[in-house]
Amino acid sequence: MEEKKGKPNQRRKKIAAFILFPVIIIIGAVGLHLYLEYKKVHISTDDAFVDGRVHVIASKIPGTVKAIYVKDNQFVKKDDLILDVDPIDYDVRVKEARAGLETEVAKLAEIRDKVNTAKKQLAGIIASMEEARANLELQEANLRQAEIDFKRAEYLLKKEVIPRESYDKTKTSYDVAVAQVKAARERIKQLEASLETQRAVIKQTESSLIPQHAQIQQKDAILKGAELNKSYTKIYTPSDGYIAKRSVEIGNQIQLGQSLMAVVPLDDIWITANYKETQLERVKPGQKVKIKVDTYPGKVFYGKVDSVMAGTGAVFSLFPPENATGSYVKIVQRIPVKIVLDQGTDPAHILRIGMSVVPTILVEP
């Protein structure tokens, strides 16, 4: 009896298994089909992270840190004072540069005074020259008259019309007139020589103005450089953000270009997702993206595709691949995709640079 009861039970089990097995296969096939259809329009990767700009704060001058006004992870606004370098050495350099500039400016004023004085002297010589020429004309007129009187007296003396004494006076007047004309001409020659000399003096003095101006420009540049270096003793934030990687303390001796801290603006972050090259056939800028963050498993963020990098990550690495050398093994490459967050999707700025995320791009079917 027990054997007869067991045979129907086994038969039922076989029939149930025969019926369920195809059903399971059909359900699996339908599920696989739905999954593949879902994956066609939902392209995701776990090789993604929050990315953003990092403003590295570095010193433009060497010196000693005098004061620090920020703490780690503190929020700062653009142009906030965050650090002071001791300015004493730079104050001294500014004073030295200013004194050097003032000295050269005083020299320039002295040269200009010399030029003005020389020009005044030149004007005096020119006036004397005009006076001398007028005097020469007068003396030449007197000479001509004296010569006429002398010739007349000489003629009258031969005719014995005038006494010898009158003749002698006329001759003396003529000789004096000749001497006066000669003296007037010599005076003009002296003034002409003085005029040329004075013009040469003015030209030489004026020629020293050009190098003096150059000297002033050099000293002014030195002063501006010293003032600029002094201004670098105060370091300000380049943008709004949070202080990170502070590596300096009061009293530290810092060098030119030394990294002191960083400012991270969390209002300008995005997602860098490294998708496989086989996933990007239908990815285009502007497509919506659903973003899950490992840190906040129950929260979803939204964004859109901004752009696809012009090359794979390997191409821009320190040692790009050289497939033409040696044996070649094909490896699926990854291409970075920039995903920007929708405005208002992270109002509290809870995302941090470097967080792991899983972005899913919603492509059109």
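How each quantity is defined
Residues numbered from 1 in each chain as written. Predicted model: local features only at pLDDT ≥ 70, side-chain atom pairs only at ≥ 80, totals over all residues. Heavy atoms only, no water. Helix = DSSP H or I, 4+ residues; strand = E, 2+ residues; numbered from the N terminus. Rg over C-alpha atoms; globule rule 2.2 N^0.38 Å. Buried < 20%, exposed > 50% of the residue type's maximum accessible area, 1.4 Å probe, protein only. Expected span 1.5 Å × (residues − 1). Contact = heavy atoms within 4.5 Å. Phe/Tyr/Trp six-rings, centres within 6.5 Å; stacked < 30°, edge-to-face > 60°. Lys NZ or Arg CZ within 6 Å of the ring centre and 35° of its normal.

Undergrad: Describe the overall build of the chain, with residues and values.
TA: Helices and strands together make up the secondary structure of the chain, namely four helices and 15 strands. Over its C-alpha trace the chain gives a radius of gyration of 51 Å, far above what one expects of a compact globule, namely 21 Å for 365 residues. Projecting the C-alpha coordinates of the chain onto the three principal axes gives extents of approximately 205 × 50 × 50 Å. Taking all 365 residues of the chain together, the buried fraction comes to 28%.

Undergrad: Could you give an account of helix α4 (residues 209-231), naming the residues involved and the relevant values?
TA: Here α4 contains 23 residues, and its C-alpha end-to-end distance of 32 Å stays within 8% of the 33 Å for a straight helix at 1.5 Å per residue. Those residues of α4 not exposed but buried are L209, Q212, I216, L223 and A226. Lining the buried residues of α4 we find α2 (88-158) and α3 (164-207).

Undergrad: Give a detailed account of the packing of aromatic side chains, specifying residues and quantitative values.
TA: Within this structure, the stated rule accounts for three aromatic pairs. On the numbers, 5.7 Å between centres and 35° between planes, the contact of F150 with Y167 is tilted. You can see F150 sitting in helix α2 and its partner Y167 sitting in helix α3, a full 17 residues away along the chain. An identical accessibility class is assigned to F150 and Y167; each is buried. A ring pair is formed by F150 and Y174, whose centres lie 5.2 Å apart and whose planes are at 10°; its orientation type is stacked. Of this pair, F150 sits in helix α2 while Y174 sits in helix α3, and the two are 24 residues apart along the sequence. Put simply, the rings of F150, Y167 and Y174 pair up and form one aromatic cluster. The ring of Y90 carries the charged tip of R93 above its face, separated from the ring centre by 5.0 Å. Just above the ring of Y242 sits the side chain of R352; from NZ or CZ to the centre is 5.4 Å.

Undergrad: Tell me about the environment of R93, and name the residues and values.
TA: Along the polypeptide, R93 turns up in helix α2. Among the residues examined, R93 registers a relative accessible area of 46% and is labelled partly exposed. Along the backbone, R93 and I24 are 69 residues apart, and their C-alpha atoms lie at a distance of 87 Å.

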